[in-house]
Amino acid sequence: MPVKPEIKICGLTKTDEAVECAMAGADAIGFVFYPPSPRNITPQKAREISMALPDNVSRVGVFVNSGFSDIMRIADYCMLNSVQLHGQESPGSVKSLKDSGLSVIKTLFIHKMPFTMAAQSYNAASAFLVECGKGRLPGGNSLVWNWKDVLQFGLNYPLILAGGLRPETIFQAVSDACPAAVDVSSGVESHPGHKSIDKVKAFVRAISTLPVERKLRKIFSS
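Quick caveat: nothing in here was measured; it's all calculated off a predicted structure.

Peer 1: So what's going on with the overall build of the protein chain? Which residues, and what values?
Peer 2: The secondary structure content of the protein chain amounts to seven helices and ten strands. For 222 residues, the compact-globule estimate of 2.2 N^0.38 gives 17 Å, and the C-alpha radius of gyration of the protein chain, at 16 Å, lies within 12% of that figure. Principal-axis analysis of the C-alpha atoms places the extent of the protein chain at approximately 45 × 40 × 35 Å. Across the 222 residues that make up the protein chain, the buried fraction comes to 54%. Of the contacts made within the protein chain by residues no fewer than 6 positions apart, 57% connect residues no fewer than 24 positions apart.

Right, here's the structure in full:
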């Protein structure tokens, strides 16, 4: 049955936009530390944004095949609550970061490795972000996919849904997959790396119209 999921707005690069997203209802703000991405951010800028956010909003750093020491350094400097591993990181890497005190979100994919059936191997993860895994860059690449494919997955694991989420699709996506949280980036942008606050508000408003609400384990801790 549909739930009212937590909301992560990812790929923020500007302080004022991040604060506005938080005020609009985001539970978490995501920073992308991946140079090929048009949403890549420097640790210095991410720290500036983190310091401006309300205390009740989680700060999540997104990394793609980064080393343990780099992740730990950036997480500490940028005051991150969670790290999201969006590449082909090993289960051992997830465990090492978790053992060091970080909340770890591991991304799994429908169409490439690591697939969703690998979730048990990543049992140290705090939650799993799942998307289709098609496209040029890591990330949802704005592609709508069959969200029902992860309905059963979300009954067994803490699920963050991503990929193809926009104000006009989010109601259907949540109804299909019943995730504990959703992750949106390009679907609420005016152009890459710059959020449209009108789209963010429309996205949050669409989620608020879901007819059923039930308590789930909290994904994002601030």
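There's more to say after this.
Peer 1: An account of the pairing of strand 7 (residues 159-162) is needed here, citing residue identities and associated values.
Peer 2: Residue alternation in strand 7 divides its side chains into two sets, Leu159 and Leu161 and Ile160 and Ala162, and both sets are buried. The pairing of strand 6 (residues 127-131) with strand 7 spans three bridges and is classified as parallel. Each bridged residue has a counterpart across the sheet, and for Leu129 the counterpart in strand 7 is Ile160. When strand 7 meets strand 8 (residues 181-184), the two strands line up parallel, connected through three bridges. Counterpart to Leu161 in the pairing with strand 8 is Val182.

Peer 1: Can you lay out the nonpolar core for me, pointing to particular residues and giving the numbers?
Peer 2: Note on soluble globular proteins: their nonpolar side chains tend to be buried together. Counting residues in each nonpolar core, the largest one holds 58 residues, and the members touching the most others are Ile9, Ile29 and Val83. The leading source of residues in this core is helix 7 (residues 197-208), at six residues. In contact with Val83, other than residues within four places in its own chain, are Gly61, Phe63, Ile71, Ala75, Leu97, Leu102, Ser103, Val104 and Ile105.

Peer 1: Lay out the sheet that holds strand 8 with the relevant residues and their values.
Peer 2: Strand pairing in a sheet is mediated by backbone hydrogen bonds. Such pairs are either parallel or antiparallel. Spatially, the eight strands close up into a barrel ordered 1-2-3-4-5-6-7-8, and their pairing is parallel. If you compare each strand with its neighbour and ignore which way they point, the axes differ by 25° on average. Strands strand 4 (82-85) and strand 5 (103-109) of the sheet are contacted by helix 4 (residues 91-99), whose axis makes an angle of about 160° with strand 5. Together, strand 1 (6-9) and strand 8 form the strand contacts of helix 7, whose direction differs from that of strand 1 by roughly 165°.

Peer 1: Can you tell me about the pattern of salt bridges, naming the residues and giving the values?
Peer 2: For the structure shown, the criterion picks out nine salt bridges. The salt bridge partner of Glu168 is Arg166, with a shortest N-O separation of 3.2 Å. The partly exposed category is assigned to Arg166, whose relative accessible area is 25%. Of the charged contacts in the structure, one is a salt bridge between Lys195 and Glu189, with a shortest N-O distance of 2.7 Å. Relative accessible area serves as the criterion here: at 4%, Lys195 is assigned to the buried category. Judged by relative accessible area, Glu189 falls into the buried class, the value being 6%. Salt bridges sharing common partners tie together Arg39, Glu189 and Lys195.

Peer 1: I'd like a description of the pairing of strand 8, backed by residues and values.
Peer 2: Burial along strand 8 is two-sided: Ala181 and Asp183 facing one way and Val182 and Val184 facing the other are all buried. Relative to strand 8, strand 1 is paired through four bridges, and the arrangement is parallel. Its bridge partner lying in strand 8, Lys8 is registered against Asp183. Traced from strand 7 through helix 6 (residues 170-177) to strand 8, the parallel crossover comes out right-handed.

Peer 1: So, helix 3 (residues 68-77): which residues are in play, and what are the values?
Peer 2: What helix 3 keeps buried is the set Ile71, Ile74 and Ala75. All buried residues of helix 3 fall inside an arc of 100° around its axis, so they share one side. The exposed residues of helix 3 that point more than 90 degrees off its buried face are Ser69 and Asp76. Lining the buried residues of helix 3 we find strand 2 (28-33), helix 2 (43-52), strand 3 (58-63), strand 4 and helix 4.

Rules and cut-offs
- Residues numbered from 1 in each chain as written.
- Predicted model: local features only at pLDDT ≥ 70, side-chain atom pairs only at ≥ 80, totals over all residues.
- Heavy atoms only, no water.
- Helix = DSSP H or I, 4+ residues; strand = E, 2+ residues; numbered from the N terminus.
- Rg over C-alpha atoms; globule rule 2.2 N^0.38 Å.
- Buried < 20%, exposed > 50% of the residue type's maximum accessible area, 1.4 Å probe, protein only.
- Contact = heavy atoms within 4.5 Å.
- Pairing = 2+ DSSP bridges.
- Core = buried A, V, L, I, M, F, W, Y, C linked by side-chain atoms within 4.5 Å.
- Axes fitted to C-alpha atoms, helices over the stretch in contact; angles between N-to-C directions.
- Salt bridge = Lys/Arg side-chain N within 4 Å of Asp/Glu carboxyl O.
- Right-handed = clockwise from strand over helix to strand, strands pointing away.
- Arc of directions from axis to C-beta.

These figures come from the coordinates and say nothing about function on their own.
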